[in-house]
Amino acid sequence: MKNFYSILYTLFLISPYSQLFSSTTSLPCSISSFTANYVPNSCDGEIILIEFDFIATDFGTNGFTVETAGLSPQFFNIGDFYELYEISYCSDDVVLIIKDFDDPNCMSQVNIGPACCDCEITDPVLEATICSEGLFDIQIDLDAYLGTCVNYDWYVTIEGIDYDLDYNSSAGYFEAIDIQAVSPVLTVMLCNESPLNECYSYLLDNPCYNEPCVIQSFTAEVDTSSCLGEIVGITFDFMATGFGTNGFTVSDGTGSEYYNLGDDYIFYTTSECNQDIVLSVYDADDASCIATVDVQAECCSCEVLDFTATTTACLNNTFNIVVDLNIESGSCLWYSWFVTIEGIDYDLEWIGNEFIAQNIMAQDSVLTAMICT
């Protein structure tokens, strides 16, 4: 009986030390497997769900974290739902990193490729504005509510040309402006700039197609502040439909100038000053689409930098006056000059490098000579 209790006591003493020995020989933290994937059909807006799993030893006793390049570390406990959300930019690979909370050096990572979500949009409403000078705008009521495209801008492609879509917050729609197209029915490709480059095709009537060329108004006036020498500028403007798609011409009957829509609308001509100018505008493709306007004559002020007037010797009670004029600018360049002495006009004739008035008769000893044009 004594031996039985001795043995029992001995076992009691040995057992705790056996437990202590067992707890102090645990294996170091290690992760032998770490896998992750995007959950199919999990996209919510531009957000996609990632699920992951791992096989590890002595890992996560006090929790662990999982992080990506775009998100802050997220904390998990053993037994949680192993999932997290990522923004689907779709441009770069997503790398998940898992770390033990107590031992961050106990870690693993996995590359699961770009996070992409297919775009889903409500059926957009497309409307074209009235054609104005060969151009029109497109207004699109668009709601992209799901997919990577939520993170990117949109544009439309019409006849091979891309037009940015800007959001008009006051009107509540996207718009592309100053569109030029020639087909009667347009194929509008509505696209987003995401790496998926998703596009949607729609048909739209071209408001500028085959529109009869009509010039409703054509106005013009001389701008004397533009005078340069004897040249003066005529500013003009017009209202027209179906006009100027490939340019137009303005003419005063002597000279003409070609313009495109949106150019500076100013036409230069000589300031002959004594007669109105008949200005015409006509379409480059349809010369019968024409309008004219009478522009009231205006003069460019004459500017004479300096002049000299000398008299010749008196011969048979007459003499000549020689005038050297240095004319800088003005309508006067187009007209004859004369000199008035004691109420009588004498023509000034050009003789190569100066003017001369001949056979002048006068009585006063000092003459006032008025040189005029």
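Residues numbered from 1 in each chain as written. Predicted model: local features only at pLDDT ≥ 70, side-chain atom pairs only at ≥ 80, totals over all residues. Heavy atoms only, no water.

Draft legend 1. Local environment of the overall build of the chain. Tallying secondary structure elements over the chain gives one helix and 30 strands in all. Counting all 373 residues of the chain, 36% fall into the buried class. Considering only intrachain contacts with a sequence separation of at least 6, the fraction spanning at least 24 residues in the chain is 58%. Surface accessibility of the chain: about 22100 Å² in total, with carbon and sulfur atoms responsible for 50%. (Helix = DSSP H or I, 4+ residues; strand = E, 2+ residues; numbered from the N terminus. Buried < 20%, exposed > 50% of the residue type's maximum accessible area, 1.4 Å probe, protein only. Contact = heavy atoms within 4.5 Å. Areas by Shrake-Rupley, 256 points an atom, 1.4 Å probe, with all protein chains shown as cover.)

Draft legend 2. Fine view of the packing of aromatic side chains. Per the counting criterion, the structure on display carries 23 aromatic pairs. Where F64 meets Y82, the ring centres are 5.8 Å apart and the plane angle is 75°; that geometry is what we call edge-to-face. Of this pair, F64 sits in strand 3 (residues 64–68) while Y82 sits in the loop between strand 4 (71–76) and strand 5 (83–87), placing them 18 residues apart in sequence. The burial state of F64 is the same as that of Y82; both residues are buried. Measuring from centroid to centroid gives 5.6 Å for F248 and Y259, while their planes differ by 15°, and the two rings are stacked. (Phe/Tyr/Trp six-rings, centres within 6.5 Å; stacked < 30°, edge-to-face > 60°.)

Draft legend 3. Quick peek at the nonpolar core. In terms of nonpolar packing, the biggest core is built from 24 residues, with F218, F236, F243, F248 and L279 touching the most fellow members. Mapped onto this core, the elements with two or more residues apiece are strand 18 (214–228), strand 19 (231–241), strand 20 (248–251), strand 23 (277–283) and strand 24 (290–295). Residue contributions to this core peak at five residues, all from strand 19. Setting aside its immediate chain neighbours within four residues, F243 contacts E133, G134, C213, I215, F238, F248, L261, V281, Y282, D283 and C289. (Core = buried A, V, L, I, M, F, W, Y, C linked by side-chain atoms within 4.5 Å.)

Draft legend 4. Geometry of the sheet that holds strand 15 (residues 173–179). Taken together, the four strands give an open sheet; going across it, the order is 9-10-15-14, and neighbouring strands pair in antiparallel fashion. The open sheet is flanked by strand 9 (125–128) and strand 14 (166–168), the only strands paired with a single partner. If you compare each strand with its neighbour and ignore which way they point, the axes differ by 30° on average. Pairing geometry for strand 10 (residues 136–141) and strand 15, over four bridges, is antiparallel. The residue bridging F136 from the neighbouring strand is I179, located in strand 15. (Pairing = 2+ DSSP bridges. Axes fitted to C-alpha atoms, helices over the stretch in contact; angles between N-to-C directions.)

Draft legend 5. Structural detail: the state of the cysteines. Taken as a whole, this structure holds seven disulfides when the rule is applied. The partner cysteine of C29 in its disulfide is C106, sulfur to sulfur 2.0 Å. Its S-S torsion of about -75° marks the bond between C29 and C106 as left-handed, since a negative value means left-handed. One end of the pair, C29, is in the loop between helix 1 (2–23) and strand 1 (30–38); the other, C106, is in the loop between strand 6 (93–100) and strand 7 (107–114), with 77 residues separating them in the sequence. (Disulfide = S-S within 2.5 Å.)

Draft legend 6. Focus on the pattern of salt bridges. Tallied over the entire structure, the rule returns one salt bridge. Note that K99 and E67 form a salt bridge whose closest N and O atoms lie 3.8 Å from each other. Residue K99 is found in strand 6, and its partner E67 is found in strand 3; the two are separated by 32 residues along the sequence. By relative accessible area, which is 24% here, K99 ends up partly exposed. (Salt bridge = Lys/Arg side-chain N within 4 Å of Asp/Glu carboxyl O.)

Draft legend 7. Examining unusual backbone geometry more closely. Positive phi values are uncommon outside glycine, yet N197 reaches one of about 50°. Within the element layout of this structure, N197 appears in the loop between strand 16 (185–192) and strand 17 (199–205). Given the relative accessible area of 45%, N197 is considered partly exposed. The residue N359 is not glycine, and still its phi comes out positive at about 55°. As for its placement among the helices and strands, N359 is situated in strand 29 (residues 355–360).

Draft legend 8. Just the sheet that holds strand 19, in detail. With antiparallel pairing, the three strands of this open sheet are ordered in space as 18-19-22. Each edge of the open sheet carries a strand with a single partner, namely strand 18 and strand 22 (266–270). The sheet shows a mean angle of 30° between the axes of neighbouring strands, taken without regard to direction.

Draft legend 9. Summary view of a negative patch on the surface. Taken together, the side chains of D153, D162, D164, D166 and E193 make up a negatively charged region of the molecular surface. In this fold, D153 is placed in the loop between strand 11 (144–146) and strand 12 (154–158). A relative accessible area of 54% means that D153 is categorised as exposed. (Patch = residues over 30% accessible without salt bridge, like charges linked within 9 Å, V, L, I, M, F, W, Y side chains within 5 Å. Lys, Arg positive; Asp, Glu negative; His and termini not counted. Charge placed at Lys NZ, Arg CZ, Asp CG, Glu CD.)

Draft legend 10. Structural view of the side chain of S108. On the secondary structure map, S108 appears in strand 7. Excluding residues that lie within four positions of it along the chain, S108 makes contacts with I31, F34, L96, I97 and I98.

Draft legend 11. Inspection of the environment of S72 at higher detail. You can see S72 is positioned in strand 4. Those residues in contact with S72 that lie beyond four places of it in its chain are V66 and E67.

No statement about biological role is implied by the geometric values presented.
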